[in-house]
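Observations on chain architecture
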Amino acid sequence: MALRAALRSRSGLSGLLSQRSSCSSDIRMCVSPLLVPQERNYSTPPKIRVEFDQSTGVAVMHMQSPPVNSLSLDFLTELCISVEKLEMDKSCRGLIITSAQPKVFSAGLDITEMYGKSPEHCGAFWRSVQEMWLKLYGSNMVTIAAINGSSPAGGCLMAMTCDYRIMADNPRYNIGLNETQLGIVAPFW
Ligand SMILES: CCCCCCCCCCC/C=C/C(=O)SCCNC(=O)CCNC(=O)[C@H](O)C(C)(C)COP(=O)(O)OP(=O)(O)OC[C@H]1O[C@@H](n2cnc3c(N)ncnc32)[C@H](O)[C@@H]1OP(=O)(O)O
């Protein structure tokens, strides 16, 4: 009930699709073995900002990686760690994922991660993609994608792994899978 009420409130989805705010969560750290080698680079601003409202049990995750929240290894690592931290907090029952960037939810996988990289880097990158959708799809929290901008390819994948999707009503915002157009074949899982 509290979750439903929170989602209806001004700090819930309707507000998210039109505005931003600024605080951060303070949740214990728990890092999966897959993520351990990818330490956060503290010389760059965080790509993910989490607000957790203890009173409602709902966390809002703002993706803030300019210009288009492309899913790089660093971004995915940060996102997975944030989800894991929330998952460890039993008082967190709902997670809303949204974008802090104007007009774009996520541009999908970071194209620059897919060429000129070592086999080790490529392996780590694709593992982080898999880790992202497994974490979200398998989450015990109620997950909602508040899609406040375009969300092609991997952005669509991320939205699909959530329990619910709500998209801002704007004809300029696109969502869907365009890998074939790009000539990209997702590797075998
Ligand atoms: C649940 C079970 C799951 C089972 C498994 C299913 C398997 C699914 C496999 C999924 C594989 C996914 C593959 C991908 O995601 S490949 C990436 C595909 N993405 C795209 O094609 C999006 C391309 N971008 C756009 O369409 C537009 O940029 C966008 C609409 C997002 C925004 O448009 P806008 O006009 O606002 O911005 P610009 O186009 O000017 O872009 C701004 C700068 O951002 C750079 N950019 C854009 N997209 C990417 C990207 N994906 N990676 C890296 N960089 C990107 C763009 O180059 C501009 O940079 P500059 O300013 O430097 O020019």
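Let us look at the structure shown here. Numbering of residues starts from 1 in each chain and follows the order in which that chain's sequence is written. Totals for whole chains, interfaces and linings use every residue, but because this is a predicted model, local features are given only for residues with pLDDT of at least 70 and side-chain atom pairs only at 80 or more, for both listing and counting.

Each helix corresponds to a stretch of at least 4 residues labelled H or I by DSSP, and each strand to a stretch of at least 2 residues labelled E; elements are numbered beginning at the N terminus. For the protein, the helix and strand inventory stands at six helices and seven strands. For the protein, the sequential pattern of α-helices and β-strands runs α-α-β-β-α-β-α-β-β-α-β-β-α. This entry defines residue contacts through backbone-placed C-beta atoms, with two residues in contact when those atoms are within 7 Å. Of the contacts made within the protein by residues no fewer than 6 positions apart, 78% connect residues no fewer than 24 positions apart.

Counting buried residues in strand β3 (residues 94-99) gives six out of six residues, a clear majority hidden from the surface. Judged by which residues are buried, β3 turns out to be covered on both faces: Gly94, Ile96 and Thr98 on one side and Leu95, Ile97 and Ser99 on the other are all buried. Pairing between strands is defined by DSSP: at least two bridges between the two strands are required. With six bridges connecting them, strand β2 (residues 58-63) and β3 associate as parallel partners. What sits directly across from Val60, in β3, is Ile96. Think of it like this: strands point away, you trace from the first strand over the helix to the second, and a clockwise trace means the crossover is right-handed. For the segment spanning β2, helix α3 (residues 73-88) and β3, crossover handedness is right-handed. Buried means a residue has 20 or more other C-beta atoms within 10 Å of its own C-beta, exposed means 12 or fewer, and partly exposed covers the counts in between; C-beta atoms are placed from the backbone.

Moving on, we come to the site of the ligand. Around the ligand, 25 residues are found, and the nearest of them are Ala107, Gly108, Leu109, Ala153 and Gly154. Considering every element that reaches the shell around the ligand, the biggest residue donor is helix α5 (residues 154-160), with three residues. Here, nearness means that the C-beta atom of a residue, built from backbone geometry, sits within 6 Å of the molecule or strand in question.

In this section: the sheet that holds β3. Reading across the sheet, the five strands line up as β1-β2-β3-β4-β6 and stay open at both edges, with mixed pairing between neighbours. On the outer flanks of this sheet lie β1 (48-53) and β6 (164-167), each paired with one strand and no other. The sheet shows a mean angle of 20 degrees between the axes of neighbouring strands, taken without regard to direction. Packing against the sheet, α3 makes contact with β1, β2 and β3, and its axis sits at approximately 15 degrees to β1. With axes taken as lines fitted to C-alpha atoms, and helix axes fitted only over the stretch in contact, angles between N-to-C directions fall between 0 and 180 degrees.

This paragraph deals with the nonpolar core. In terms of nonpolar packing, the biggest core is built from 39 residues, with Ala59, Met61, Ile96 and Ala145 touching the most fellow members. Ranked by residues supplied to this core, first place goes to α3 with six residues. We define a nonpolar core as a collection of buried residues of the types Ala, Val, Leu, Ile, Met, Phe, Trp, Tyr and Cys that are connected via C-beta atoms lying within 7 Å of each other.

Over its 16 residues, α3 extends 22 Å from the first C-alpha to the last, a length consistent with the 22 Å expected when each residue adds 1.5 Å. Taken together, the buried positions of α3 are Phe75, Leu76, Thr77, Glu78, Leu79, Cys80, Ser82, Val83, Lys85 and Leu86. Multiply 1.5 Å by the residue count of a helix minus one, and that product is the helix's expected span.

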